Amino acid sequence: FKQCFLCPISEVSSMVFLWLIFVSLSFAYGIISPTESTHGLDVFLSPFDEHPNDTISCSQSLCLVSCRTNHSCDHIIIDAGQTDSLQLSCKGDVACASIQIRSGGMSSSNITCLGSSSCSGARFNLSHSSNVNVTCSDGSCVGMQLTTFNASNVSVTCANASCVHGLLSAEHVTQSFTVQCDDNQTCDAMDIYCPLQADVACNISTSIRMSSRSYTPRINIYIPSKTANLILDCSSHGFGPACDDITLYCA
């Protein structure tokens, strides 16, 4: 922009309007690239719209993506194939619904879903990553699918009915796999596929905090081999059996 200390108000308003159009178009279509100068990106796409063609391309070593407003990153694709560390924060309601992450191997992946349905229907492909941490609360991760082929350490924490109808695929995790289902119905109707290797424990813990049996989570746990190592912690907090409705499918 040229210097306009003495420009008419109408001319300044026109330039601001054109700048806003440019910014809106650059975010609404094509590729969004966080820069090293900002070390991250606050994504504010058109609220209440779907954005099936939008891609966030992470090419620097640390990629921070913050989706703070409602629907701000829904249906977005994050291409994390060239980054070493990804941090995704979804705080707005439905902020990251049906989001997809594609990675080619990172040292760390940290995903936090806090808003209502903020990561519902998400597809997280975090294969070949060293450390994967996913935190969900307040119904945020309903229908989430997590793929961790050849990942080293995977930790998933779910609270307040956040991971209902989820799918966790961890057959080829190489070092550790932990799932924490805190509070009633948090992991209801979830499918969990445990690691194949005997030296990689499949740690799953559930907590029951209400007396009604209708709140017991119905979890399907798949044991893919005879050598798989399952550690199941059923914490009832005095409210009765916590694992009555868990089904084990053994190879």
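Residues numbered from 1 in each chain as written. Predicted model: local features only at pLDDT ≥ 70, side-chain atom pairs only at ≥ 80, totals over all residues. Heavy atoms only, no water.

With respect to the helices and strands, the residue Leu146 is situated in strand 11 (residues 145-147). Here the alpha-carbon distance between Leu146 and Leu168, two residues 22 residues apart in the chain, equals 5.0 Å. Setting aside residues no more than four positions away along its own chain, Leu146 makes contact with Phe124, Leu126, Val134, Val154, Val156, Leu167, Leu168 and Ser169. (Helix = DSSP H or I, 4+ residues; strand = E, 2+ residues; numbered from the N terminus. Contact = heavy atoms within 4.5 Å.)

With that settled, the discussion passes to the packing of aromatic side chains. With the rule as written, the count across this model stands at two aromatic pairs. Considering the side-chain rings of Tyr193 and Tyr222, the 4.3 Å spacing of their centres and the 5° angle between planes classify their relative orientation as stacked. Of this pair, Tyr193 sits in strand 15 (residues 190-193) while Tyr222 sits in strand 17 (residues 219-223); the two residues are 29 residues apart in sequence, bridging distant segments of the chain. Here Tyr222 and Tyr249 contribute two aromatic rings whose centre-to-centre distance is 4.8 Å and whose plane-to-plane angle is 10°, an arrangement assigned as stacked. Here Tyr222, found in strand 17, pairs with Tyr249, found in strand 19 (residues 247-250); they are 27 residues apart in sequence, far enough to count as distant. A network of ring pairs unites the aromatic residues Tyr193, Tyr222 and Tyr249 as a single cluster. (Phe/Tyr/Trp six-rings, centres within 6.5 Å; stacked < 30°, edge-to-face > 60°.)

By themselves, these are just geometric observations and shouldn't be taken as functional.
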